[in-house]
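Residue-level structure breakdown
Listed below are the residues making up each chain.
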Amino acid sequence: MTNKFKDPKFHNETAAREWFEAARWPQGPACPHCKGAKHYATKKEGRYRCAAKECRKDFTVMTGTVMERSHAPLTMWAAAFHLFASSKKGISAHQLHRELGCQYNTAWFIHHRVMEAMRRGGLDLPPMGGEGKVVEADETYFHDKPEAKRRAVSTGGGKKMTGPWNKRTIISLVERGGQVRSFHVEDAYVENVAKIVRDNIAKESRLHTDESALYKKVGREFASHERVNHGQKEYARGDVTTNTIEGYFSVFKRGMKGVYQHCDEKHLHRYVAEFDFRYNNRASLGVDDDARAIAAVRGGEGKRLTYRQPH
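As a starting point, this report considers the structure included with it. Residue indices begin from 1 for each chain and proceed along its sequence in written order. At least 70 in pLDDT is required for a residue's local features to be given in this predicted model, at least 80 for side-chain atom pairs to be given and counted, and no such filter applies to totals for whole chains, interfaces and linings, which use all residues. To obtain the side-chain values, all non-hydrogen atoms of the structure were used and water was disregarded.

**What to know about helix H1 (residues 13-24)**
Its twelve residues give H1 an end-to-end C-alpha distance of 16 Å, which sits within 8% of 16 Å, the value for a rise of 1.5 Å per residue. Restricting attention to buried positions, one finds in H1 the residues Ala-15, Ala-16, Arg-17, Trp-19, Phe-20, Glu-21, Ala-23 and Arg-24. Should any heavy atoms of two residues lie within 4.5 Å, those residues are counted as being in contact. Only runs of H or I of at least four residues qualify as helices and only runs of E of at least two qualify as strands under DSSP, and these elements are numbered from the N terminus. Considering only its buried residues, H1 is in contact with strand E2 (48-50), helix H2 (74-86) and helix H9 (289-299). Capping of H1 at its N-terminal end is provided by Asn-12; its side-chain oxygen lies 3.0 Å from the backbone amide nitrogen of Thr-14. Here, expected helix span is obtained from the residue count minus one, scaled by 1.5 Å. Residue burial is assigned from relative accessible area. The probe radius is 1.4 Å, only protein chains are included, and a residue is buried under 20% of its type maximum, exposed over 50%, and partly exposed in between. Residues adjacent in sequence count toward polar contacts only when both atoms are side-chain atoms; beyond that, a polar contact is any pair of N or O atoms within 3.5 Å, and within protein one must be able to donate a hydrogen and the other to accept it.

Quick look at the structure:
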């Protein structure tokens, strides 16, 4: 065990609770029900009661988060958040089960909820890029689709599509030197891709892609659309390149193939969000493992997953 995991928050419930409270409530506890700051402690350690006359509800640091109603100790949750934050290519539920010394179904429960905390769903995010800035766009394909979906896609339907029809599709946009946004789409149709690009990138940006026809029409809507021709072994022309997004995909694919190996398609958006989160909170942006774990804890507020491991 490394020195980092000798920290009291991984072994002492009080220390773990204080760490979660400091991460979630830097200004002190606030009621998750009415957002009121006035409260008082109950006889049970870590449980507070809202002092607002119209509320008066009890709450803990787990209330209103992905951890709500979990029976796993906070020390286990603290270790899980740190393992996710420090594992560049992810950590499987089986590995989490071994590291935490808990049952597999508990590890699976925690695994999906930490990933959900890392997801930036429901936020009105500003456009990427801007005047003079470069945004790279690309798609990647991996893992076979279920047979029924492969048959449906292979029939065509009159839409213009590129890429392997039998694979799952991820579209990613990365602002050079900035952040990434990834999307799991049903298929790589021109209309699907164009909407993602149009909705997420500022029109003043320079759009960099490969030679794919998916971006040809929508590319005209930006300050410039510059392409590299991978088919002709061209990977950079001055500062025109898609090497940044290719580098992101290399980490994503190594994680999905080498660590996770398989995931159900209905959960894929959460796995994608996990890799986005770590990229967007990377060391080159001044975020270390501890700060990344705290950011994940804060991202778990206001989110709930009510399902458990399928049997």
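Now, onward.
**Structural notes on the packing of H2 against H9**
Packing of H2 against H9 brings their axes to within 8 Å, and their N-to-C directions diverge by 120°. Taken together, the axes of H2 and H9 lie oblique to each other. Judged by the sense of rotation from one axis to the other, the crossing of H2 with H9 is right-handed. Packed against H2, whose contacting residues are Phe-81, His-82, Ala-85 and Ser-86, the element H9 presents Asp-289, Asp-290, Arg-292, Ala-293, Ala-296 and Val-297 at the interface. Per-class residue counts for the contact of H2 with H9 are five nonpolar, two polar and three charged. Only the stretch in contact is used when fitting a helix axis, every axis being a line fitted to C-alpha atoms; angles between N-to-C directions are given from 0 to 180 degrees. Note on terminology: angles under 35 degrees are roughly parallel, angles over 145 are roughly antiparallel, angles of 65 to 115 are roughly perpendicular, and the others are oblique. Should the near helix be turned anticlockwise from the far one by less than a right angle, the crossing is left-handed, and should it be turned clockwise, the crossing is right-handed. Polarity classes work like this: nonpolar for Ala, Val, Leu, Ile, Met, Phe, Trp, Tyr, Cys and Pro, charged for Asp, Glu, Lys and Arg, and polar for all others, with Gly in that last group.

**Overview of the pairing of strand E5 (residues 167-175)**
Counting buried positions along E5 yields eight of nine residues, so the element is predominantly enclosed. Here the rule is simple: two strands pair whenever DSSP picks up at least two bridges between them. Across nine bridges, strand E4 (residues 134-144) lies against E5 in antiparallel orientation. Following the sheet pairing, Glu-139 is matched in E5 by Ile-171. Direction of pairing for E5 relative to strand E6 (residues 180-185): antiparallel, over a ladder of six bridges. Each bridged residue has a counterpart across the sheet, and for Val-174 the counterpart in E6 is Val-180. In this structure, the hairpin formed by E5 and E6 is closed by a connection of four residues, where Gly-177 is found at a positive phi of approximately 80°.

**Comments concerning the environment of Asn-280**
As for its placement among the helices and strands, Asn-280 is situated in helix H8 (residues 268-280). Note on Asn-280: relative accessible area 6%, which makes it buried. Measuring from C-alpha to C-alpha, the distance between Asn-280 and Gln-179 comes to 5.1 Å, with 101 residues separating the pair along the chain.

**Description of the pattern of salt bridges**
Here a salt bridge means any side-chain nitrogen of Lys or Arg lying within 4 Å of a carboxyl oxygen belonging to Asp or Glu. Counted according to the given criterion, the structure contains 17 salt bridges. A salt bridge links Arg-176 to Glu-136; its shortest N-O distance comes to 2.9 Å. One end of the pair, Arg-176, is in the loop between E5 and E6; the other, Glu-136, is in strand E4, with 40 residues separating them in the sequence. Across the pair Glu-226 and Arg-206 runs a salt bridge, and its minimum N-O distance is 3.0 Å. Within this pair, whereas Glu-226 is found in strand E8 (residues 224-227), its partner Arg-206 is found in strand E7 (residues 206-209), the two being separated by 20 residues in sequence. When salt bridges with common partners are traced through the structure, they connect Arg-17, Glu-21 and Glu-45 into a single cluster.

**Some points on the sheet that holds E7**
Taking strand neighbours across the sheet as the criterion, the five strands line up as E6-E5-E4-E7-E8 in an open arrangement whose pairing is mixed. Bordering the open sheet on either side are E6 and E8, each of which pairs with just one other strand. Averaged over all adjacent pairs, the angle separating strand axes in this sheet is 25°, with direction ignored. Sitting on the sheet, helix H6 (residues 190-200) is in contact with E5, E6 and E7, with an inclination near 20° to E5. Docked against the sheet, helix H7 (residues 243-260) engages E4, E5 and E6, running at close to 25° with respect to E4.

**Digging into the side chain of Lys-303**
Assignment of secondary structure puts Lys-303 in the segment after H9. Glu-116 provides the closest opposite charge to the buried, salt-bridge-free Lys-303, at an N-O distance of 5.0 Å. Filtering out sequence-adjacent residues up to four positions away, Lys-303 remains in contact with Gly-64, Thr-65, Val-66, Glu-116, Ala-117, Arg-119 and Arg-120. In this tally, Asp and Glu contribute negative charge and Lys and Arg positive charge; neither His nor the terminal groups of the chain are included.

**Focus on empty space enclosed by the protein**
Detection works on a 1 Å grid of protein atoms alone, calling trapped sets that fit a 1.4 Å probe cavities and calling open sets with protein on both sides within 12 Å along at least five of seven lines pockets, with lining residues defined by an atom within 4 Å of a point. Grid points are joined across faces, edges and corners, and a volume is the space filled by probe spheres set on the points. Within this structure, the stated rule accounts for one cavity of 30 Å³ or more. Put simply, the largest cavity is a space of about 40 Å³. Along the walls of the largest cavity sit Phe-20, Arg-24, Val-61, Thr-65, Val-66, Met-67, Phe-81, Val-297 and Gly-300, which together make up its complete lining. Along the lines of polarity and charge, the residues of the lining of the largest cavity split into six nonpolar, two polar and one charged.

Honestly, it's all geometry; don't read function into it.
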